[in-house]
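# Per-entry structural report
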Amino acid sequence: MKTERILVTGGTGYIGSHTVVELQQAGYPVVIIDNLSNSDSAVLDGIERITGIRPDFVEADCTDIEALKALFAKYPDIKGIINFAASKAVGESMEKPILYYRNNLNTLMNLLELMAPNHVKGIVFSSSCTVYGEPDVNPVTEQSPIKKATSPYGNTKQISEEIITDVINAGAPFKSIILRYFNPVGAHPSAEIGELPNGVPQNLIPYLTQAAMGIRKELSVFGNDYNTPDGSCIRDYINVVDLAKAHVIAVERMLQDKSEDKIEIFNLGTGNGVSVLELINAFEHATGVKVPHKIVGRRAGDIEKVWANPEHANNVLGWKAESDIEDTMRSAWAWQCRLRERGIM
Ligand code: UD1
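This section reports on the structure supplied with the text. This is a predicted model, so every value here is computed, not measured.

### Some thoughts on empty space enclosed by the protein
Scanning the model with the defined rule gives two cavities of 30 Å³ or more in all. Roughly 100 Å³ of internal volume is contained in the largest cavity. Lining the largest cavity, in full, are Gly186, Glu195, Leu196, Pro197, Ile205, Pro206, Thr209, Gln210, Ala332, Trp335, Gln336 and Leu339. Contributions of two or more residues to the lining of the largest cavity are made by α7 (204–213) and α11 (325–341). Split into classes, the residues belonging to the lining of the largest cavity amount to seven nonpolar, four polar and one charged. Lys175, Ser176, Ile177, Arg253, Met254, Ser259, Asp261 and Glu264 together form the lining of the second largest cavity.

This is the structure in C-alpha cells:
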C-alpha cells in the first residue's frame, strides 16, 4: 500500500466510483467525500466487492469548508485531490443557475484554499469538452478555441479552469491537471458499479439501456437532419474505466513531480466520432437486444459534432482509450441487468 492518500470528492458518483476502484487497485489509500445528492452509499459496497477494500467515506458537502477542514485534520496523509464533486445537468443549470455556480465554484475554491495549509501536492479537475462548444474543426486539440458557454453548467467548467489557472499563476505551492472529458459511457466489467442517474435519464446511454429494458417506452433520437453522414449528432464516447485510469496517471504525475509544468490540460477521448444511430447499432450488435427508438426533433442547445484529438494525452501521459465500443456497450447492458436483478431499476 502506498502512503500518499488521495481525496476523491464526488467519489460515490459515476466517474468517481470507477476512479476509486482504479486508485485502490494501484495501491492508493482513498478517502471519499460526497453529499450523496446524486449517488447512493451502496456504491461503497460495489467498490468493496471489486477491490476487497472499503474506501473511507465522509458524508458531507464540499461547499461546507468546516467539514473539509475537519476531513483534512482527520486525514493528514492526503497528498492529492481528484475533484469530481459537481452538479452536471445542463437543463437543470438553466433553471437553477445559482445552485450550479455555488455548488461547482465554492467546492473548487474551498479545496484550493485548503491545499497549501494541508501540504497537498496536486489537484485533478474534471472539466469537459463542453468548453469547445460547437467546434469549427474536428477533432479538437487542447489549443482549439474555447467558445462562450451556452449554459451555467458549461460556464462553471470554464470559470473553474480560469480559477485554477489564476491560483497557480499567483504562486500556489501545488500543481493541477485539468482533464477535459468527452462522453463517458459504460460500466465496470464486474457490473458492480455503473451509472445510476436520479429520475428520467438525460444522457444517451442510461436512457438507451432503460429503453432496451422496457423501463422507458422508446429512446428519442434528437434529430436526423444534422450535417453528419447519417444525420444524427456525433460524439466521442469513452469507456468510463479507461477514463478512470487516466486519473491515476494524472495524480501520480503530480505526486511524483514528473512534469515541470504546474498546470496541464488534457483531452480524454478516443479520437473516434460516433453518431447516435451508430451507437444504437453498436449496442444492438454487441448485446443482441433491440433498442426501441424513434427520430424526434433536435434538442435545444445540442452540439452537432465534436470528437477529440487525444494525442497529447497519448504522448505525454502514456494513456490511451483502449476499450472497444461493443465491449463498452456490453458493460452498460450488464450493469442495467444487474440493477434489474437487484430490483433497483
Ligand atoms: C451533455 C452536455 C455536456 C455535459 C454532459 C454531461 C449538452 C449540449 N451537453 O453532453 O455539456 O458535459 O452532457 O453529462 O447538453 N441523445 C438522444 N436521445 C436522448 C439523449 C441524448 O438522441 O435521449 C443524443 C444527444 O442529442 C447527443 C448524444 O445523444 O447527440 C449524447 O447526449 P448526452 O449523453 O446528453 O451528452 P452530450 O449532449 O454530449
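### Topic: the packing of helix α1 (residues 14–25) against helix α8 (residues 240–255)
One way to put it is that α1 packs onto α8 with a least axis distance of 8 Å and a crossing angle of 60°. Here α8 runs oblique to α1, going by the angle between their axes. The interaxial crossing formed by α1 with α8 has right-handed handedness. Residues Tyr14, Ile15, His18, Thr19, Glu22 and Leu23 of α1 form the contact with α8, whose own contacting residues are Val240, Val241, Leu243, Ala244, Lys245, His247, Val248 and Val251. Looking at the contact of α1 with α8 residue by residue, the classes come out as nine nonpolar, three polar and two charged.

### Side note on the packing of aromatic side chains
Each aromatic ring pair is specified by the distance between its two centres and by the angle formed by the two planes. Across all of its chains, the model carries two aromatic pairs by this definition. Consider the rings of tyrosine 132 and phenylalanine 182, whose centres lie 6.4 Å apart with planes at 25°: the pair is stacked. Of this pair, tyrosine 132 sits in the loop between β5 (122–128) and α6 (152–169) while phenylalanine 182 is found in the loop between β6 (175–181) and β7 (183–185), placing the two residues 50 residues apart along the sequence. By the burial criterion, tyrosine 132 is buried, and phenylalanine 182 matches it. Taking the centre distance of 5.7 Å and the plane angle of 90° together, the rings of phenylalanine 283 and tryptophan 333 count as edge-to-face. Here tryptophan 333 lies in helix α11 and phenylalanine 283 lies in helix α9 (residues 276–287), a separation of 50 residues in the sequence. Accessibility assignment for this pair places phenylalanine 283 and tryptophan 333 in one class, buried. Residue placement shows lysine 2 over the ring face of tyrosine 28; its charged tip is 4.8 Å from the ring centre.

### Quick word on the site of the ligand
Leu204, Ser220, Arg235, Arg299 and Asp302 are the nearest of the 20 residues found near the ligand. Between the ligand and serine 220 there is a distance of 2.7 Å, counted from a nitrogen atom to a backbone nitrogen or oxygen. Measuring from an oxygen atom of the ligand, one finds a side-chain N or O atom of arginine 235 at 2.5 Å. Across the complex, the protein chains shield 87% of the 740 Å² of accessible surface that the ligand would expose by itself. Of all the elements, strand β8 (residues 219–222) adds the most residues to the shell around the ligand, at four residues. The residue makeup of the shell around the ligand, split by class, is nine nonpolar, seven polar and four charged.

### Some thoughts on the pairing of β8
Residues Leu219 and Val221 line the buried face of β8, whereas the alternating positions Ser220 and Phe222 sit on a face that is not buried. With four bridges connecting them, β8 and strand β13 (residues 293–296) associate as parallel partners. Opposite leucine 219, over in β13, you have histidine 293 as the bridge partner.

### Here we look at the sheet that holds β5
Within the open sheet, the seven strands sit side by side as β3-β2-β1-β4-β5-β6-β11. Their pairing is parallel. Edge strands, defined here as strands with exactly one partner in the open sheet, are β3 (56–59) and β11 (263–268). Strand-to-strand twist in this sheet, taken as the mean axis angle between neighbours without regard to direction, amounts to 20°. Here strand β1 (residues 5–9) pairs with strand β2 (residues 30–34) via four bridges, running parallel. Across the sheet, residue valine 8 finds its bridge partner in β2, namely isoleucine 32. Sheet contacts for helix α3 (residues 65–74): β1, β2, β3 and β4 (78–83); angle to β4, the most-contacted strand, approximately 140°. Each of β1, β4 and β5 is contacted by helix α5 (residues 97–115), which is oriented at about 165° to β5, the strand it contacts most.

### Looking at the nonpolar core
Among the nonpolar cores identified, the biggest contains 37 residues, and Ile6, Leu23, Leu179, Leu268 and Trp319 are the most heavily contacted of them. Secondary structure elements with two or more residues in this core: β1, α1, β2, α2 (43–51), β6, α8, β11 and α10 (311–317). Here the element with the most residues in this core is α8; it accounts for nine residues. Leucine 268 has contacts with Leu179, Arg180, Tyr181, Phe182, Ile238, Leu243, Ala246, Ala313 and Trp319, leaving out every residue within four places of it along the chain. Membership of the second largest hydrophobic core comes to 28 residues, among which are Val31, Ile81, Leu111 and Val120.

The rules behind the values
Residues numbered from 1 in each chain as written. Predicted model: local features only at pLDDT ≥ 70, side-chain atom pairs only at ≥ 80, totals over all residues. Heavy atoms only, no water. 1 Å grid on protein atoms, 1.4 Å probe; cavity = no way out; pocket = protein on both sides within 12 Å on 5 of 7 lines; lining within 4 Å. Points joined across faces, edges and corners; volume = space filled by probe spheres on them. Helix = DSSP H or I, 4+ residues; strand = E, 2+ residues; numbered from the N terminus. Nonpolar A, V, L, I, M, F, W, Y, C, P; charged D, E, K, R; others polar. Axes fitted to C-alpha atoms, helices over the stretch in contact; angles between N-to-C directions. Parallel < 35°, antiparallel > 145°, perpendicular 65-115°, else oblique. Left-handed = near helix turned anticlockwise from the far one by under 90°. Contact = heavy atoms within 4.5 Å. Phe/Tyr/Trp six-rings, centres within 6.5 Å; stacked < 30°, edge-to-face > 60°. Buried < 20%, exposed > 50% of the residue type's maximum accessible area, 1.4 Å probe, protein only. Lys NZ or Arg CZ within 6 Å of the ring centre and 35° of its normal. Near = heavy atom within 4 Å. Polar contact = N/O pair within 3.5 Å; in protein donor to acceptor, adjacent residues only side chain to side chain. Areas by Shrake-Rupley, 256 points an atom, 1.4 Å probe, with all protein chains shown as cover. Pairing = 2+ DSSP bridges. Core = buried A, V, L, I, M, F, W, Y, C linked by side-chain atoms within 4.5 Å.

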